Amino acid sequence: MNIVAIVQARLGSKRLPNKVIKPINGLPMIEVLLARLSKSKLITKIVVATSEDDVDKKLKKLINKLGYDCEQGSKDDVLKRYITVAEKYEADIVVRITGDCPLVDSDLVDQVINKFINDNVDYCSNTIPATYPDGLDVEVFTIEALKKSSSMTTNSSDLEHVTPYLKESGNFKTSCLENHNDLSEMRWTVDESIDLEVVDTIFKSFAPDLNFSWLKVLDLQKIRPEIFKNSSLIRNEGFSMTNGQKLWKRAKQIIPGGNMLLSKRPEMFLPDLWPSYFSKSKGCNVWDLDGKKYIDMSIMGIGTNILGYGHPEVDEAVHKTIDSGNMSTLNCPEEVYLAEKLIEINPWADMVRLARSGGEANAIAIRIARAATNKDKVAICGYHGWHDWYLSVNLSSNTNLTNHLLPGLNPNGVPKSLEDTVFPFNYNDFEALVNLVDKENIGIIKMEVERTVGPQNNFLSKVRKLATDRNIVLIFDECTSGFRETFGGIYKKYNVEPDMAMYGKALGNGYAITAIIGKKGIMEAAQTTFISSTFWTERIGPTAAIKTLEIMERDETWKTITKLGLYARNQLQSLADKHQIKIEQWGIPALTGYTFLGRHPLHYKTLITQEMLKKGYLAGNTLYVCIHHTESIIDEFIFNLDPIFSLIKECEDGRDINSLLSGQICHSGFERLN
Ligand SMILES: Cc1ncc(COP(=O)(O)O)c(C=O)c1O
């Protein structure tokens, strides 16, 4: 009988790229694995099966140099790759080994082969049930069974993982070699860098012997458990993880926090189970790394895309800019055209500066206003970015930003000398603001125009008058609210004009561009200080903004999204009423959100995300509306939400919500609209 061991290996591992050639005690991992496997007394041939990707040519070269055969085959249909190799090498029996198991044990491999032969089965392994340490997996099967399974399934997971159908469909005779003790909790495989460290240390402990038995590793784990510092990682976790989830795990090891924006962290939605990354976006649809399509009924790029993802006209304008050059020693004319357009939209403003993020625009505005007033002290209301000037609010007490950003935020790294330069005030509490202005020598008031609730008792007009009377610069931060209820700032709705304002988020419909606008007397102070940055001069941002503004003005998109937002709000209220669930809705219509007033608001939000994900939605408790969210999309969304509200009602009546959740609950985020 021709018994061919096929070792599947590739360089493009999602979690640990190039892992099969990473050094273990100085040798590439695959070399170690092949050396150990070649000690088998029953295997007649060893072949490495890798993918047809160009990168894997390098792996093939290395394998051939080591004296083994290597074949390249389908990247995603690994089952097909196995059949092709098995046929080429005329295998009667195939032994499947994966390249992430350098501790493969030849005696154990032979035991599984013997059991396979003695039991006269189609498939035999040592993994169902798993009783050996993870990393000693051996699967043995006939080529006929493999071909039959291939003809019976088209499921992508079956094709990627080769044997699920063989072992789980019930259509094949199977058996298993079991260890007398269950050691399946032990982790000797290599999926993450910490695993690599562990395996490297194991090999170093036995060096120069490369062919030590797995039983010796077991002894080592008993004597020196501290070596096995990966033991908390879960067995075979990778099997059911999506590509996005795997990439997020990698990201968390090398990017503090995993990404650059708190609001896009999976923990904010569905820890461990969120798709995390996108491969494509268009309109109000998003595709994850596995190609699964979702309707985005959540934060729409955190409010960047009123015109939907990938708007054809904006993209065309950007493409043209790319074709004719995005950067040069000379300035791009678009920045002037954009400045002129912004002044036209905001006639009280005379001058403009541009930047590329909202936090930056806010910091620039504060610098200019401080330079203009020669005063340091700022009163703030709302979220205005991550910079030192803003976060310094929490130096005197880490509860100061509780109502504006997050409770308990530690301003670590912000110079202590900034303490008592910035003071928070609560929205609609005019008396408190007057007291603050009286007590401190406030030179600047910076605020979001409208937050979760609108202004009451002429709050905005009173703030305007106070600022004028006291010679205070009034700044409206329209980074998020801009273009959602008017063509420009939401301040227009209330007929109250600031001295300066910032736009961000939606200004370039997904392309990075933000703006600071203001009265000449104030803005000119920018020239008395230093505000300058290389990439504020690139051309894509202003190009995208000019086109976005043109489309918004032409199509009056703020009206569309406001109408849709109100529609969604009404439908949601009807759904809540139908189920007798108490919710509180908040936000401006195009940035609508709600909170459950019942027993477990965050659990319910997590349940919605979890269940709606299965139905093809990115969803939580906020909906940032874009022009593609039609009424019928909203209706269907509400229809799909109905059974989940039903479950929530059951939980309100006593059912255990935890029994419905597959993972941890989401973290609570910004306690505000953003
Ligand atoms: C009102 C407001 N200002 C500033 C910012 C900060 O913008 P960015 O995240 O682009 O730095 C945000 C972001 O959420 C915001 O909502």
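Residues numbered from 1 in each chain as written. Predicted model: local features only at pLDDT ≥ 70, side-chain atom pairs only at ≥ 80, totals over all residues. Heavy atoms only, no water.

S.K.: How do you make sense of the overall build of the protein when you look at a structure like this?
M.R.: For the protein, the count of helices and strands is 24 helices and 23 strands. On the principal axes, the C-alpha backbone points of the protein span a range of 95 × 60 × 50 Å. Sorting the 674 residues of the protein into buried and exposed places 55% on the buried side. Counting contacts in the protein only where the partners sit at least 6 residues apart, residues at least 24 apart contribute 72% of the total. Of the roughly 29000 Å² of accessible surface on the protein, 50% is carried by carbon and sulfur atoms. Each charge class in the protein was averaged separately, 78 positive and 86 negative side chains, and the resulting centres sit 2 Å apart. (Helix = DSSP H or I, 4+ residues; strand = E, 2+ residues; numbered from the N terminus. Buried < 20%, exposed > 50% of the residue type's maximum accessible area, 1.4 Å probe, protein only. Contact = heavy atoms within 4.5 Å. Areas by Shrake-Rupley, 256 points an atom, 1.4 Å probe, with all protein chains shown as cover. Lys, Arg positive; Asp, Glu negative; His and termini not counted. Charge placed at Lys NZ, Arg CZ, Asp CG, Glu CD.)

S.K.: In this structure, what is going on with the pattern of salt bridges? I would like to understand it.
M.R.: Side chains carrying opposite charge are able to pair once their charged atoms draw close together. For the structure on display, the rule yields 38 salt bridges. Of the charged contacts in the structure, one is a salt bridge between Glu 87 and Lys 147, with a shortest N-O distance of 3.2 Å. Note that Glu 87 is positioned in helix α3 (residues 78–88) and Lys 147 in helix α5 (residues 143–152), a separation of 60 residues in sequence. The partly exposed category is assigned to Glu 87, whose relative accessible area is 43%. Judged by relative accessible area, Lys 147 falls into the partly exposed class, the value being 35%. Between Lys 614 and Glu 611 there is a salt bridge, and its shortest N-O distance comes to 2.8 Å. Taken as a pair, Lys 614 and Glu 611 lie in helix α23 (residues 601–614) at a separation of three residues, close to a single helical turn. Taking the relative accessible area as the measure of exposure, Lys 614 reaches 56% and is therefore exposed. Each member of the salt-bridge network shares a partner with another, and the members are Lys 19, Asp 100, Arg 187, Asp 191 and Asp 195. (Salt bridge = Lys/Arg side-chain N within 4 Å of Asp/Glu carboxyl O.)

S.K.: Got a minute to help me understand a negative patch on the surface in this structure?
M.R.: Negative charge collects at one region of the surface, where Glu 52, Asp 76, Glu 160 and Asp 290 lie side by side. Summarising the element assignment, Asp 290 is placed in the loop between β11 (285–288) and β12 (293–297). (Patch = residues over 30% accessible without salt bridge, like charges linked within 9 Å, V, L, I, M, F, W, Y side chains within 5 Å.)

S.K.: I keep staring at the site of the ligand and nothing clicks. Help me out?
M.R.: Residues in close proximity to the ligand total 13 residues, the closest being Gly 358, Gly 359, Asp 477, Thr 480 and Lys 505. Here an oxygen atom of the ligand and a side-chain polar atom of Lys 505 are 3.0 Å apart. A total of 390 Å² of accessible area belongs to the ligand in isolation, and the protein chains cover 87% of it. Take the shell around the ligand: its biggest share by element is three residues, from helix α15 (residues 358–373). Of the residues belonging to the shell around the ligand, the class tally is two nonpolar, seven polar and four charged. (Near = heavy atom within 4 Å. Polar contact = N/O pair within 3.5 Å; in protein donor to acceptor, adjacent residues only side chain to side chain. Nonpolar A, V, L, I, M, F, W, Y, C, P; charged D, E, K, R; others polar.)

S.K.: Looking at this model, I keep getting lost on the nonpolar core. Mind explaining?
M.R.: Nonpolar side chains tend toward joint burial in soluble globular proteins. Counting residues in hydrophobic clusters, the biggest one holds 101 residues, and the most contacted among them are Leu 342, Ile 445, Met 447, Leu 641 and Phe 645. In contact with Phe 645, other than residues within four places in its own chain, are Leu 572, Leu 575, Ala 576, His 579, Ile 581, Tyr 594, Phe 596 and Ile 608. Grouped together as the second largest cluster of nonpolar side chains are 55 residues, Leu 34, Val 140, Val 198 and Phe 203 included. (Core = buried A, V, L, I, M, F, W, Y, C linked by side-chain atoms within 4.5 Å.)

S.K.: Sorry if this is basic, but what is going on with the sheet that holds strand β22 (residues 617–619) here?
M.R.: Hydrogen bonds between backbone atoms are what pair the strands of a sheet, whose relative direction is either parallel or antiparallel. Read across the sheet, four strands follow the order β10-β11-β12-β22 without closing on themselves; strand pairing throughout is mixed. Only two strands of the sheet have a single partner each, and these edge strands are β10 (278–282) and β22. Neighbouring strand axes in the sheet, compared pairwise and without regard to direction, differ in orientation by 30° on average. As defined by bridge partners, β11 adjoins β12 across three bridges and the pair is classed as antiparallel. What sits directly across from Trp 287, in β12, is Lys 293. (Pairing = 2+ DSSP bridges. Axes fitted to C-alpha atoms, helices over the stretch in contact; angles between N-to-C directions.)

S.K.: Looking at this structure, how should I read helix α21 (residues 540–555)?
M.R.: Because each turn of an α-helix spans 3.6 residues, side chains separated by three or four positions end up pointing in the same direction. Compared with the 22 Å implied by 1.5 Å per residue over 16 residues, the 22 Å span of α21 between its first and last C-alpha is a close match. Inspection of α21 places Ile 540, Gly 541, Pro 542, Thr 543, Ala 544, Ala 545, Thr 548, Leu 549, Ile 551 and Met 552 among the buried residues, and these make up the whole buried set. One or two steps after α21, the chain reaches Glu 556, where phi turns positive at roughly 50°. (Expected span 1.5 Å × (residues − 1).)

S.K.: What am I meant to see in the environment of Glu 611 here?
M.R.: Residue classification places Glu 611 among the buried residues on the basis of a relative accessible area of 17%. Each C-alpha atom, one on Glu 611 and one on Leu 660, is 9.6 Å from the other, the two residues being 49 residues apart in sequence. Among the polar contacts listed, one links the side chain of Glu 611 to the side chain of Lys 614, at a separation of 2.8 Å.

S.K.: Can you help me understand unusual backbone geometry in this one?
M.R.: Going from Ile 128 to Pro 129, the amide bond is cis rather than trans, its omega being 0°. Cis peptide bonds are those with omega within 30 degrees of zero, and the linkage from Ala 207 to Pro 208 qualifies with 5°. Here Pro 208 is to be found in the loop between α8 (193–206) and α9 (214–223). A positive phi angle, close to 75°, is found at Asn 428, a residue other than glycine. Although it is not a glycine, Asn 457 adopts a positive phi angle of roughly 50°. Relative to the assigned elements, Asn 457 resides in the loop between β16 (442–447) and α18 (459–469). Accessibility expressed as a relative area gives 63% for Asn 457, which makes it exposed.

S.K.: What am I meant to see in the side chain of Thr 562 here?
M.R.: Mapped onto the secondary structure, Thr 562 falls in helix α22 (residues 557–578). Not counting residues up to four positions away in its chain, the partners in contact with Thr 562 are Arg 484, Glu 485 and Pro 589.

S.K.: Even after reading the chapter, I still don't get the pairing of strand β1 (residues 3–8), so can you show me in this structure?
M.R.: Remember that side chains alternate between the two faces of the sheet whenever the strand is regular. With six of its six residues buried, β1 lies for the most part within the structure. One ladder, built from five bridges, connects β1 with strand β4 (residues 45–51); its direction is parallel. Counterpart to Gln 8 in the pairing with β4 is Ala 49.

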